[in-house]
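One-letter residues, chain by chain:
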Amino acid sequence: MFEILPNLDSFTGLALLALIAFCDTLIGVGFFIFGEVAFLAAGVAFASSGTPWPALIVLVFAWLGDMASYLIGTRYGARMTLPYLRAQKRRRAWRRAKTALKDRGIAFVVVSRLLGPVAWVTPFLAGTMRMPRRRFALAAALGVVLGVGQFLIYGALGQRLFGVVLPFIAAHIWAFALAVSILLAGIYVWRRSEKPIFNRLIKVGMVSGAIFLTSNVVYFFVLNTHTIPSEPRTVVADVCQARKAPFLVTPGDTGLHLPQPVNIMLISNRSGADLMNDLGWYQNVTFSRDSISFPTYLGLLANQTPPVSELYLNGHPADSAHQMTGTLKSREHIRWWDMGAGVQFGALSRDDEIAIKYYGHLPVLLHDIDPKVDLSRDMLAGQVRDSDQFEVVGIAPLSAPVPDDHGSDFQTDGGVLVLTDRGRTLPDSVMRCLKPAPLTKL
């Protein structure tokens, strides 16, 4: 919407702003010119580019337009108003305006800029009544600062609204819709319910919970919200380039989605699924890669192997997900991404409890992870040591440490567990690049 506004910084753009601002209150043409358009555009241009010239131009030329109408009124006012004042009703209005201008003077001129059509004739009227020029110039300047300034502010806020607020709302429109639905339903139930207050609260809570759970069921099992993106996934050219890849995965693409760390790297021509099968882990179904109906979901819950919620690495869901035998409340689970060049990334954590978390487009009921993700990483290292197909290379310092007091959803020392095929010797260049430390040293 605002892509043409940077042109207002050009000479032609500034001249157009000046012309509109000048003619806004110029007697005779001010009735047909809507200066608010220029004032709003100048505010948007100022907020977009940071240059003050559009705002200064409309302020100065709006004042000059007032002064031009005032001078026209001093010279031609009486002659120009005679034909207009033939009707008695108009003469009465004219006398009231003259009385207000005479009694209030500067205040009337200033406030007239805030009164729409009144601003179109006030400078001319002030000139006709021979209001002292310096007094009018001062009052007109104050009026322009207030009247034009308000539209400059509206324009700047509008640019902020369209540039930041509206994209934020668009990114979370489902969550806003859910919140509004719960709010309206709560108000309706509250008003329709009888006292005591405790009964009202119980009913509102039940209705709100029903709407929330219904939205979750519709989101996961009715709407097609887990499609695999068509954009190319993140790939690496070699193992050393993998250290520059993102070591965070998230359940969505906004700042409200809490990340989890990538803390496993498998260097092998085999997949992460091959490793987990060797360790005896169960492969989970996922919403993006499997067809999961609500009855299927209930069956998986009964077997204590519910689907693993999606996490995204640069917008792409995991290629596979796996869990150890556990309960509905607590289980170790891992998601794998194929990064190319014989490199697999894994995000391993432990389900700790059920919580409401922001996922995709909605707040939903999900497992929350145990924040001490390094314990899960070290547990997997112990399992791999007993494998006859894979082995532990060490812990590589590939991600940023997250201390306990960071306020994040997890804490970690930043180490990534590096695994490879048993008996394989990694090249010296890879070892120098990753700098893996033996697990016993940590």
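Further up the page is the structure itself.
Keep in mind that this is a model prediction, so the values were computed, not measured. (Residues numbered from 1 in each chain as written. Predicted model: local features only at pLDDT ≥ 70, side-chain atom pairs only at ≥ 80, totals over all residues. Heavy atoms only, no water.)

## A look at the overall build of the protein chain
Reasoning step 1: Counting secondary structure elements, the protein chain contains 14 helices and twelve strands.
Reasoning step 2: Here the protein chain, with 442 residues, has 45% of them falling under the buried criterion.
Reasoning step 3: Of the contacts formed within the protein chain by residues at least 6 apart in sequence, a portion of 68% connects residues at least 24 apart.
Reasoning step 4: About 23,400 Å² of surface is accessible on the protein chain, with carbon and sulfur atoms providing 62% of the total. (Helix = DSSP H or I, 4+ residues; strand = E, 2+ residues; numbered from the N terminus. Buried < 20%, exposed > 50% of the residue type's maximum accessible area, 1.4 Å probe, protein only. Contact = heavy atoms within 4.5 Å. Areas by Shrake-Rupley, 256 points an atom, 1.4 Å probe, with all protein chains shown as cover.)

## A short note on the pattern of salt bridges
Reasoning step 1: Going through the model one piece at a time under the given rule, you end up with twelve salt bridges.
Reasoning step 2: Residues lysine 357 and aspartate 409 are paired through a salt bridge, measuring 3.4 Å at the closest nitrogen-oxygen approach. Of this pair, lysine 357 sits in strand E9 (residues 343-359) while aspartate 409 is found in the loop between strand E11 (390-397) and strand E12 (415-421), placing the two residues 52 residues apart along the sequence.
Reasoning step 3: Of the residues examined, lysine 357 reaches a relative accessible area of 14% and is grouped as buried. (Salt bridge = Lys/Arg side-chain N within 4 Å of Asp/Glu carboxyl O.)

## Describing the nonpolar core
In a soluble, globular protein the nonpolar side chains are often hidden away together inside.
Reasoning step 1: In terms of nonpolar packing, the biggest core is built from 24 residues, with Met265, Ile267, Trp337, Met339, Val343, Phe345 and Leu434 touching the most fellow members.
Reasoning step 2: At the level of elements, helix H10 (239-242), strand E3 (264-267), strand E8 (332-340), E9, E12 and helix H14 (428-434) are the ones that each hand at least two residues to this core.
Reasoning step 3: Excluding anything up to four places from it in sequence, isoleucine 267 contacts Val239, Gly342, Val418, Leu419, Thr420, Asp421, Arg424, Leu426, Val430 and Leu434.
Reasoning step 4: The next biggest cluster of nonpolar side chains, apart from the first, holds 17 residues, and it includes Leu266, Leu275, Trp281 and Ala381. (Core = buried A, V, L, I, M, F, W, Y, C linked by side-chain atoms within 4.5 Å.)

## As for helix H2 (residues 35-49)
Reasoning step 1: Between its first and last C-alpha, H2 extends 21 Å over 15 residues, near the 21 Å set by a 1.5 Å rise per residue.
Reasoning step 2: Just downstream of H2, glycine 50 is the residue with a positive phi angle, here 85°. (Expected span 1.5 Å × (residues − 1).)

## Regarding the packing of helix H8 (residues 173-192) against helix H9 (residues 197-221)
Reasoning step 1: Where H8 meets H9, the axes come as close as 9 Å, and the angle between the chain directions of the two elements is 150°. Comparing their axes, H9 and H8 come out roughly antiparallel. Considering how the two elements wind past one another, H8 and H9 form a crossing that is right-handed. Here H8 contributes Trp174, Leu178, Ser181, Ile182, Ala185, Gly186, Val189 and Trp190 to the contact with H9, which in turn contributes Ile197, Arg200, Leu201, Lys203, Val204, Val207, Ser208, Ile211, Phe212, Ser215 and Tyr219. (Axes fitted to C-alpha atoms, helices over the stretch in contact; angles between N-to-C directions. Parallel < 35°, antiparallel > 145°, perpendicular 65-115°, else oblique. Left-handed = near helix turned anticlockwise from the far one by under 90°.)

## Considerations on the pairing of E8
Reasoning step 1: Among the nine residues that make up E8, eight are buried, leaving the element largely enclosed by the rest of the structure.
Reasoning step 2: Relative to E8, strand E7 (residues 320-323) runs antiparallel, the two being bridged by four bridges. Looking at the pairing, serine 320 lines up with tryptophan 336 of E8.
Reasoning step 3: Here E8 folds back onto E9 in antiparallel fashion, the turn holding two residues, of which alanine 341 has a positive phi close to 55°. (Pairing = 2+ DSSP bridges.)

## Concerning the pairing of E7
Reasoning step 1: Burial of the side chains of E7 extends over both faces: Ser320 and His322 are buried on one face and Ala321 and Gln323 on the other.
Reasoning step 2: Relative to E7, strand E4 (residues 282-284) runs antiparallel, the two sharing three bridges. The partner of asparagine 284 across the bridge, within E7, is alanine 321.

## Section: a nonpolar patch on the surface
Reasoning step 1: On the surface, Phe168, Ile173, Trp174, Phe176, Val218, Val222, Leu223 and Leu256 cluster together into a nonpolar patch covering about 680 Å² of accessible area.
Reasoning step 2: Mapped onto the fold, tryptophan 174 is located in helix H8. (Patch = residues over 30% accessible without salt bridge, like charges linked within 9 Å, V, L, I, M, F, W, Y side chains within 5 Å.)

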